[in-house]
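Listed below are the residues making up each chain.
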Amino acid sequence: MAKVTWRGGALISPLPPTMVSCGDMENSNIITIGWTGITNTIPPKTYISVRPSRHSHAIIKEKGEFIINLTPSNLVKEADYCGIYTGKKVDKFAKCKLTKVKGTEVDCPMIEECPLSIECRVTDIISLGSHDMFMADILCVHVDESLIDKEGKLHLDKAHLTAYAHGEYFELGKKIGSFGFSTKKKKKHKKTTTQKEKTQK
Ligand SMILES: Cc1cc2nc3c(=O)[nH]c(=O)nc-3n(C[C@H](O)[C@H](O)[C@H](O)COP(=O)(O)O)c2cc1C
């Protein structure tokens, strides 16, 4: 595979175009964030990287809380809108007709229409250059119960989540594997001992 070498750039893809809600039930905002991920499993930790010029930056810095709402494909237009317009000038909850539901651990509203909402409390703020990284503890996760089966297994594939890659949005589609499937051995049929083999022993 022939490759050209470019200078370093923010090209890890795909990323989730999350809708991050912040503020409180009266004064809330939504900012679309692609620069996010998991930083630790136990305890569960995450981050969002936000430019200091964003309206949400001051809100999150002051409150020390935010909620990451995962974007299903039917809300991708709303996510894009929340990533273009500033909450300084527009009430994005009202404009996008999204419903606020108060968090259980934080004052921020989560977005009712999103299948997963992840409540976070800021632990550290690291200035990296263009963006400040808000490192946070994941306090709890609210999951659409229609995605959970009788055994309590979460079927995230049914959430029609959106991916963001190099300026374009995609809906997650075909399942092509599951964790550890590359190492799974085929089940061997138990060999039944024949009369002849028995006598040979
Ligand atoms: C798909 C997408 C991803 C984005 N990711 C980020 C991000 O990770 N960090 C950031 O500061 N801005 C990001 N933005 C831009 C902000 O969402 C945008 O500037 C927004 O209008 C800021 O809203 P606010 O001023 O109400 O906080 C993204 C925008 C889009 C459309």
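Our structure's up above, just so we're on the same page.
The rules behind these values
- Residues numbered from 1 in each chain as written.
- Predicted model: local features only at pLDDT ≥ 70, side-chain atom pairs only at ≥ 80, totals over all residues.
- Core = buried A, V, L, I, M, F, W, Y, C linked by C-beta atoms within 7 Å.
- Buried ≥ 20, exposed ≤ 12 C-beta atoms within 10 Å, placed from the backbone.
- Contact = placed C-beta atoms within 7 Å.
- Pairing = 2+ DSSP bridges.
- Helix = DSSP H or I, 4+ residues; strand = E, 2+ residues; numbered from the N terminus.
- Axes fitted to C-alpha atoms, helices over the stretch in contact; angles between N-to-C directions.
- Near = placed C-beta within 6 Å.
- Nonpolar A, V, L, I, M, F, W, Y, C, P; charged D, E, K, R; others polar.

Ranked by size, the top nonpolar core spans 32 residues in total, and within it Met 19, Val 20, Ile 48, Phe 66 and Ile 67 carry the most contacts. In contact with Val 20, not counting residues within four places along its chain, are Ile 30, Ile 31, Ile 33, Ile 48, Ser 56, Phe 66, Ile 67 and Ile 68.

Turning next to the sheet that holds strand 4 (residues 45-50). The antiparallel open sheet is built from 7 strands, whose spatial order is 2-1-5-8-9-4-3. The sheet is open, and its two borders are formed by strand 2 (28-33) and strand 3 (36-40), each paired with just one other strand. Strand-to-strand twist across the sheet, computed as the mean angle between neighbouring axes with direction ignored, equals 35°. Two strands pair when backbone bridges link them, and strand 5 (residues 65-69) and strand 8 (residues 116-127) are joined in this way by 5 bridges, in the antiparallel orientation. Opposite Phe 66, over in strand 8, you have Cys 120 as the bridge partner. Where helix 1 (residues 55-63) meets the sheet, its contacts fall on strand 1 (18-23), strand 2, strand 4, strand 5, strand 8 and strand 9 (132-143), and the angle it forms with strand 1 comes to roughly 55°.

The next subject is the environment of Arg 54. Considering the arrangement of structural elements, one finds Arg 54 in the loop between strand 4 and helix 1. Along the primary structure Arg 54 and Ile 31 are separated by 23 residues, whereas in three dimensions their C-alpha atoms are 8.5 Å apart.

For Lys 95, the position within the fold is in helix 3 (residues 92-95). Looking at Lys 95, the number of C-beta atoms within 10 Å reads 13, which means it is partly exposed. A sequence separation of 81 residues divides Lys 95 from Pro 14, and the C-alpha atoms of the two residues are 27 Å apart.

We now examine the pairing of strand 8. Sheet topology note: the strand 8/strand 9 ladder contains 11 bridges and is antiparallel. By the bridge assignment for strand 9, Glu 119 is matched with Cys 140. Count of turn residues in the strand 8/strand 9 antiparallel hairpin: 4 residues, of which Gly 129 carries a positive phi of about 140°.

In this section: the site of the ligand. Lining the immediate surroundings of the ligand are 22 residues, of which Trp 35, His 55, Ser 56, Gly 83 and Gly 87 lie closest. A per-element tally of the shell around the ligand places strand 2 first, with 4 residues. Among the residues making up the shell around the ligand, the classes are represented as 8 nonpolar, 10 polar and 4 charged.

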